[in-house]
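Residue-level structure breakdown
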2 protein chains.
Amino acid sequence: MGKGESTRTAILDEATELASLVGLGGLTIGTLAAATKLSKSGLYAHFASKEALQVEVLQHARERFTDVVMRPTVATPRGEPRVREFFDRWITWQSTAFDGGCIFVDAASEFDDQEGPVRDELVRAERDKLESLTLIVGTAVGEGHFRADVDPEQFAYELEGIVLAHHHARRLMRDGRAEERARRAFDRLIDDCRAVARSA
Amino acid sequence: MGKGESTRTAILDEATELASLVGLGGLTIGTLAAATKLSKSGLYAHFASKEALQVEVLQHARERFTDVVMRPTVATPRGEPRVREFFDRWITWQSTAFDGGCIFVDAASEFDDQEGPVRDELVRAERDKLESLTLIVGTAVGEGHFRADVDPEQFAYELEGIVLAHHHARRLMRDGRAEERARRAFDRLIDDCRAVARSA
DNA sequence: TCTATAAAAGCACGATCGTTCGGTCAGAAC
DNA sequence: GTTCTGACCGAACGATCGTGCTTTTATAGA
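Here goes a summary of the coordinates provided. (Residues numbered from 1 in each chain as written. Chains lettered and ligands numbered in written order. Predicted model: local features only at pLDDT ≥ 70, side-chain atom pairs only at ≥ 80, totals over all residues. Heavy atoms only, no water.)

This paragraph deals with the overall build of chain A. Each helix and strand counted, chain A has nine helices and zero strands in total. Helices and strands appear in chain A in the N-to-C order α-α-α-α-α-α-α-α-α. Along the first, second and third principal axes, the C-alpha atoms of chain A reach 65 × 35 × 30 Å. When each of the 200 residues of chain A is scored for burial, the buried share is 52%. A separation of at least 24 residues holds for 68% of the contacts in chain A among residues at least 6 apart in sequence. (Helix = DSSP H or I, 4+ residues; strand = E, 2+ residues; numbered from the N terminus. Buried < 20%, exposed > 50% of the residue type's maximum accessible area, 1.4 Å probe, protein only. Contact = heavy atoms within 4.5 Å.)

Set out below in structure tokens:
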């Protein structure tokens, strides 16, 4: 890895951290330059524009997500264990990957109304994650761990809800029991997928 | 209502709308002045600072929430019907109250790491809503509509998750079936509260 | 060691940020 | 008719924004 590439990575690391605190939009070249001990122009030479930087920050974070969540997940036994692993790692990711909030959650509310490459990248990342999750759940159905009429997309939707509630409770409300509550919600979700039938 | 007070309200209305599109932090005095057809200084005379404006925007939105969600909810029969009413109105609120995303959701990710009066107001609003919801669920338990071992706080946590998932799916992913999914998730939640016992 | 090239700095630009201040102009109070 | 007040505006402040250009410094290959 050449000099340029290594500073580039360092910039993106720092930018990810900063963006998790002040948001992707709140990120400024000036503060990022100060944080990386570079001049504004020196830093700027690495990127075509601020918008391009924002997109690259998202891609950078996405690679990390793949490394610490996705890859270990697909390496565990298929079916329910894999679903559990995914959930575990996802929750842990949200608590440990950033000083601030998860930049995907933060950026989602920030850019959901702002058309452009940043929003596009966000949607791409989310769709990717959703597809993987749907597949993982579908496999659990195929393995017979979950009922046949379990809707993987609905499962993914509800799991996302649990994770978002966890993020909300933990970061805004600073609820010490946020993770415990998330686990209870997840257990209920899993439980309903295993049960033979639901009450009328 | 005097002249000053009415323009003040008009400013807050417009500010709420704008903030839902670009975030509370993305809101600027200049664009807000242009949107309200006032000069920057003319507008600014109504508020002590931008931060004070942000806080007032949140309070303004909170009053609207009380009007269109809370008040009609507590006017419906106690127990499960009231819980359903709350959910219905909350979901509708998120879809219709703003052009952009719900400013509480947006602001929550934006300010969860930024100490100050804006964050404080956010926490206050959230705590308020959570308390009301917990009470409403508790009543449903008291009425015998829900099982006695239902944990109202856990219920509130999971309901918030459903609403957040709905917001996420609807605004970022533009999923047309977001609301249908939310309703299914809610029905499952209610169902589990009524069931006599859960499978092992 | 010399040189070609890559990396970072220096400096400056136009724009916009939040904020302040002096002023105008209508209407109410006296 | 004068004074006072509330509502608003125009201009400007210093700071910072994103973004270029030019120059210096560091690095790597011969």
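Still more to cover.
The next point concerns the packing of helix α5 (residues 80-96) of chain A against helix α8 (residues 152-171) of chain A. Axes are the key here: two packed helices are described by the angle between their axes and the distance separating the axes. All names here are of chain A. The N-to-C vectors of α5 and α8 enclose an angle of 25 degrees; their axes lie 10 Å apart at closest approach. Between α5 and α8, the angle falls in the class roughly parallel. Here α5 and α8 pass one another in a crossing that is right-handed. Packed against α5, whose contacting residues are Val83, Phe86, Phe87, Trp90, Ile91, Gln94 and Ser95, the element α8 presents Phe155, Leu159, Glu160, Ile162, Val163, His166, His167 and Arg170 at the interface. By residue class, the composition of the contact of α5 with α8 is nine nonpolar, four polar and two charged. (Axes fitted to C-alpha atoms, helices over the stretch in contact; angles between N-to-C directions. Parallel < 35°, antiparallel > 145°, perpendicular 65-115°, else oblique. Left-handed = near helix turned anticlockwise from the far one by under 90°. Nonpolar A, V, L, I, M, F, W, Y, C, P; charged D, E, K, R; others polar.)

Counting from both sides, the interface comprises 50 residues of chain A and, opposite them, 49 residues of chain B. Considering only the surface of chain A that becomes buried against chain B, Tyr157(A), Leu172(A) and Arg188(A) emerge as the three largest contributors, covering 18% of it. Inspection of the chain A/chain B interface yields 18 salt bridges. Here Arg188(B) and Glu158(A) are joined by a salt bridge, their closest N and O atoms 2.6 Å apart. The interface formed by chain A and chain B includes 27 residue pairs in polar contact (both at pLDDT 80 or more). Of all the secondary structure elements, the ones that give two or more residues to the side of chain A that touches chain B are α1 (3-22), α6 (103-111), α7 (117-142), α8 and α9 (178-194) of chain A. Each residue belonging to the side of chain A that touches chain B can be placed in one class, and the counts come to 18 nonpolar, eleven polar and 21 charged. (Buried area = accessible area lost by both parts, 1.4 Å probe. Salt bridge = Lys/Arg side-chain N within 4 Å of Asp/Glu carboxyl O. Polar contact = N/O pair within 3.5 Å; in protein donor to acceptor, adjacent residues only side chain to side chain.)

Lining the immediate environment of DNA strand D, one finds 18 residues, of which Tyr44(A), Lys50(A), Ser39(B), Ser41(B) and His46(B) sit closest. At the protein interface, 62% of the atoms of DNA strand D within 4 Å belong to sugar or phosphate. Within the contact set of DNA strand D, a phosphate oxygen lies 3.4 Å away from a side-chain nitrogen or oxygen of Thr7(B). Contact distances for DNA strand D include 2.7 Å between a phosphate oxygen and a side-chain N or O atom of His46(B). Secondary structure elements with two or more residues in the surface near DNA strand D: α2 (29-35) and α3 (40-44) of chain A together with α1 (3-22) and α3 (40-44) of chain B. Counted by class, the surface near DNA strand D contains four nonpolar, ten polar and four charged residues. (Near = heavy atom within 4 Å.)

Before going further, it helps to spend a moment on the relation of the copies chain A and chain B. Between chain A and chain B, the superposition needs a rotation of 180 degrees and an axial shift of 0.0 Å, giving an RMSD of 0.0 Å. Those values place the two copies in the arrangement expected of a two-fold rotation axis. Closest approach to the rotation axis within chain A is made by the C-alpha atom of Gly161(A), at a distance of 2.1 Å. Of the residues that chain A buries at the interface, 98% are likewise interface residues in chain B, meaning the two copies contact each other through the same surface. (Least-squares fit on C-alpha atoms with pLDDT ≥ 70 in both.)

Below, the discussion takes up the packing of aromatic side chains. Each aromatic ring pair is described using two quantities: the centre-to-centre distance and the angle formed by the ring planes. All names here are of chain A. On inspection of all chains with the given rule, the structure shows ten aromatic pairs over all chains. With a centroid separation of 5.1 Å and an interplanar angle of 85 degrees, the aromatic rings of Phe65 and Trp93 are classed as edge-to-face. Residue Phe65 is located in helix α4 (residues 50-74), and its partner Trp93 is located in helix α5; the two are separated by 28 residues in the primary sequence. Relative to Phe186, the ring of Phe87 lies with its centre 4.0 Å away and its plane at 0 degrees, an arrangement referred to as stacked. Pair noted here: Phe87 is in helix α5 and Phe186 is in helix α9, with a separation of 99 residues, a long-range link. Each member of the pair, Phe87 as well as Phe186, is classed as buried. (Phe/Tyr/Trp six-rings, centres within 6.5 Å; stacked < 30°, edge-to-face > 60°.)

All names here are of chain B. Spanning 20 residues, α1 covers 28 Å between terminal C-alpha atoms, matching the ideal 28 Å at 1.5 Å per step. Those residues of α1 that fall on the buried side of the exposure criterion are Ile11, Leu12, Ala15, Thr16, Leu18, Ala19 and Ser20. Where the residues of α1 are buried, they touch α2 (29-35), α3, α4 (50-74) and α6 (103-111). Looking one or two places after α1, you find Gly23, whose phi comes out positive at around 90 degrees. (Expected span 1.5 Å × (residues − 1).)

Compared with an ideal rise of 1.5 Å per residue, which puts 26 residues at 38 Å, α7(A) spans 37 Å between its outermost C-alpha atoms and is within 8% of the ideal. With its phi angle positive at about 85 degrees, Gly144(A) sits one or two positions after the end of α7(A).

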